[in-house]
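A closer look at the structure
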Amino acid sequence: MCLKFAEMERRLGEIDRARAIYGHASQFCDPRTNASFWQKWESFEVQHGNEDTFKEMLRIKRSVQAQYNTDVNFIASQAIARSQQQPQDGEEGQGGDENADHIDAMAAIERQARAPVGFVAASSGPERRQSSSACRRGTIICTRQS
């Protein structure tokens, strides 16, 4: 919608207003996913702007990209998208035993890389009670009996 409005303002000769509309719309367009928006704004600045306005457009682009890089919701949505793509990628070509072993090893490494940071797994089975001041291995909690 903003692109149409900016184009209308450009046709009416209101270059500064069109530039302001591009600036407003930029906060909603991630440069990695909405490359067409940034290409249109770049061509607009090449056609109607000067060196300062072009540099300002690049500065805004960098700041928007940094905003999306640190946005927790955006990072979470990217992680979900990656996890949905990986099962499809893993279905491709399992030709030989050597290739299958390599894919299994890579899958294990990828699972390890996707594990939550700071997560400590509890023990896998029941443990017998240890001495009074001993800490159990594999857990964070230490028990001390009086």
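Residues numbered from 1 in each chain as written. Predicted model: local features only at pLDDT ≥ 70, side-chain atom pairs only at ≥ 80, totals over all residues. Heavy atoms only, no water.

Per an unreviewed UniProt entry, the protein carries the name mRNA splicing factor and comes from Penicillium hetheringtonii.

1. Some words on the overall build of the protein
Summing up its helical and strand segments, the protein has six helices and zero strands in all. Walking the protein from its N terminus toward its C terminus, one meets helices and strands in the order α-α-α-α-α-α. Within the span of the protein, comprising 146 residues, buried residues form 16% of the whole. Considering only residue pairs separated by 6 or more positions, the protein has 36% of its internal contacts joining residues 24 or more positions apart. (Helix = DSSP H or I, 4+ residues; strand = E, 2+ residues; numbered from the N terminus. Buried < 20%, exposed > 50% of the residue type's maximum accessible area, 1.4 Å probe, protein only. Contact = heavy atoms within 4.5 Å.)

2. Digging into a nonpolar patch on the surface
A cluster of nonpolar side chains, contributed by F5, M8 and L12, occupies part of the molecular surface with about 290 Å² of accessible area. Structurally, F5 can be placed in helix α1 (residues 2-11). A relative accessible area of 39% means that F5 is categorised as partly exposed. (Patch = residues over 30% accessible without salt bridge, like charges linked within 9 Å, V, L, I, M, F, W, Y side chains within 5 Å. Areas by Shrake-Rupley, 256 points an atom, 1.4 Å probe, with all protein chains shown as cover. Salt bridge = Lys/Arg side-chain N within 4 Å of Asp/Glu carboxyl O.)

3. As for the confidence of the model for the protein
Per-residue pLDDT for the protein averages 75, and the proportion of residues at 70 or more is 64%. Every residue in residues 130-139 is under pLDDT 50, and counting partners more than four places away or in other chains gives 14 contacts. (pLDDT = per-residue confidence, 0-100.)

4. Topic: the nonpolar core
Within the largest apolar cluster, 15 residues are counted, with the highest numbers of intra-cluster contacts made by Y22, F37, W38, W41 and F44. With five residues, helix α2 (residues 15-26) is the single largest residue contributor to this core. Once you skip the residues sitting within four places of it in the chain, W41 turns out to touch R19, Y22, G23, S26, M57 and I60. (Core = buried A, V, L, I, M, F, W, Y, C linked by side-chain atoms within 4.5 Å.)

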